[in-house]
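Residue-level listing of the chains:
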Amino acid sequence: MSDTYHEHPTSFHRVLDQSSRTSSESPNLKWLARINLRKTRAAGKILRCMARNSATAAALKLVRSTPICSHIYKAFAGYYLPFSSLEEAREAIGALANRGHAHPYAVDRHMEYSQAARPSDYAALYYIRPLVEKLRTVIDVGGNAGNLFYCYSKYLHFRSDLIWKVLDLPEVISRGRALAIRCGASQLNFVESWSEASGADLLIASGSLHYFEPTLPRLLADVSSLPRHLLINRTPLVDGAKVAIVQDGGAYRVACVLHNRNALIMGLEKLGYRLIDAWPVAELSADLPGYPEYTVSGYSGMFFSHHTSS
Ligand SMILES: C[S@@+](CC[C@H](N)C(=O)[O-])C[C@H]1O[C@@H](n2cnc3c(N)ncnc32)[C@H](O)[C@@H]1O
């Protein structure tokens with residue numbers, strides 16, 4: 001276990017204290033939006049309760065399939081519905097997004113996570129460890145403020161010339177850059193374009209693929225030189241058709257896509273990747289009350305290597 005970043009946790013806390021720590025009640029929402037949020041969450045609780053009982057679950061299904069009632073159901077359920085795209089799900093969230101991924105609490109929470117590995121990180125560490133001696137470029141898709149870099153640095157001894165590029169949204173990146181300067185994390189770079197994945201030794205997509213409408217194979221199809229290894233972690237996947245849903249992160253809400261597992265694997269195989277291993281991520285789940293077909297009882301992790309990598 002390397003202790004490169006052990007001296008920095010206090011820096012994280014100083015940075016976090018300066019940002020607006022926010023409770024799960026979204027206090028900075030306007031009063032009308034707050035009422036709407038309470039109403040929607042109450043509807044979610046009622047639907048979840050009804051979905052647990054087979055008779056009321058069947059009644060819900062019937063209501064949804066009856067033309068007039070389905071409008072009433074939609075108005076009642078708010079964002080607790082399946083959507084055909086991220087865009088449609090985002091529209092349903094509207095002002096309740098409360099800045100979504102860009103909410104300061106989202107970065108605060110991830111930096112708190114960086115203090116220690118979560119259960120699913122151990123599979124990631126297992127697959128990164130044998131690569132670490134040769135690892136020069138990592139692209140960390142949806143890498144937030146670099147929390148995985150800080151966290152994995154405690155467990156792995158990275159090369160001093162390793163460049164760890166975090167691809168994220170502009171507001172998240174600007175906090176990540178400020179934090180990296182404070183922590184002296186000069187190996188961390190922040191980027192906004194998928195073209196930065198070109199030629200990487202390792203692409204990590206941990207907890208992020210579901211925030212992209214295109215599948216990973218589609219996103220990689222435009223990358224000129226494919227990354228040698230792919231580490232996918234904390235990803236909700238379904239066996240049926242892909243669907244978009246809304247996640248309530250407490251202080252903020254975001255839209256996400258539940259991608260189809262086979263489409264992901266087959267698409268990557270077509271690009272020349274070989275699935276080395278897959279693991280369940282038992283600590284995370286997703287559900288849409290009343291739609292058992294979209295229940296993801298455990299997220300997924302996978303490791304792929306390109307056939308050209310030795
Ligand atoms: C749940 S966090 C994952 C953080 C980290 N990778 C981990 O495993 O702990 C998801 C990240 O995806 C980022 N994200 C969402 N949509 C994105 C997009 N369109 N482009 C880049 N990053 C995005 C969010 O800002 C957030 O940092």
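Residues numbered from 1 in each chain as written. Predicted model: local features only at pLDDT ≥ 70, side-chain atom pairs only at ≥ 80, totals over all residues.

Chemist: Summarise the site of the ligand; cite the residues concerned and give the values.
Modeler: Taken together, 18 residues lie near the ligand, and His101, Gly142, Ser206, Gly207 and Tyr211 sit nearest. Of the residues that constitute the shell around the ligand, the class distribution is seven nonpolar, nine polar and two charged. (Near = placed C-beta within 6 Å. Nonpolar A, V, L, I, M, F, W, Y, C, P; charged D, E, K, R; others polar.)

Chemist: Before we move on, could you go through the pairing of strand β2 (residues 163-167) and cite the residues and values that matter?
Modeler: Burial within β2 is extensive, with four of its five residues counted as buried. Relative to β2, strand β1 (residues 137-141) runs parallel, the two being bridged by five bridges. Looking across to β2, one finds that Val138 is bridged to Trp164. For the handedness criterion, the β-α-β arrangement of β1, helix α8 (residues 147-152) and β2 is classed as right-handed. In the sheet, β2 pairs with strand β3 (residues 188-191) via four bridges, with the strands oriented parallel. Following the sheet pairing, Leu167 is matched in β3 by Val191. (Buried ≥ 20, exposed ≤ 12 C-beta atoms within 10 Å, placed from the backbone. Helix = DSSP H or I, 4+ residues; strand = E, 2+ residues; numbered from the N terminus. Pairing = 2+ DSSP bridges. Right-handed = clockwise from strand over helix to strand, strands pointing away.)

Chemist: Explain the sheet that holds strand β6 (residues 237-238) residue by residue, including any values.
Modeler: The three strands are arranged β6-β8-β7 in an open sheet whose pairing can be described as mixed. Strands at the two margins of the open sheet, each flanked by one partner only, are β6 and β7 (243-248). Sheet topology note: the β7/strand β8 (residues 253-260) ladder contains six bridges and is antiparallel. Its bridge partner lying in β8, Ile245 is registered against Cys256. Packed onto the sheet, helix α5 (residues 86-93) meets β7 and β8 and runs at close to 35° relative to β7. Against the sheet, helix α11 (residues 261-270) makes contact with β6 and β8, and its axis sits at roughly 65° relative to β8, the strand it touches most. (Contact = placed C-beta atoms within 7 Å. Axes fitted to C-alpha atoms, helices over the stretch in contact; angles between N-to-C directions.)

Chemist: Lay out α11 in plain terms, naming residues and giving numbers.
Modeler: Every buried residue of α11 is listed here: Leu264, Gly267 and Leu268. The buried residues of α11 occupy an angular sector of 95° when projected down its axis, which confines them to one face. The exposed set on the far side of α11, more than 90 degrees from its buried face, consists of Asn262 and Lys270. Structurally, α11 contributes buried residues whose contacts are with α10 (216-221), β5 (229-235), β6, β8, β9 (273-281) and β10 (299-306). Positioned one or two residues after α11, Gly272 has a phi angle of 105°, which is positive. (Arc of directions from axis to C-beta.)

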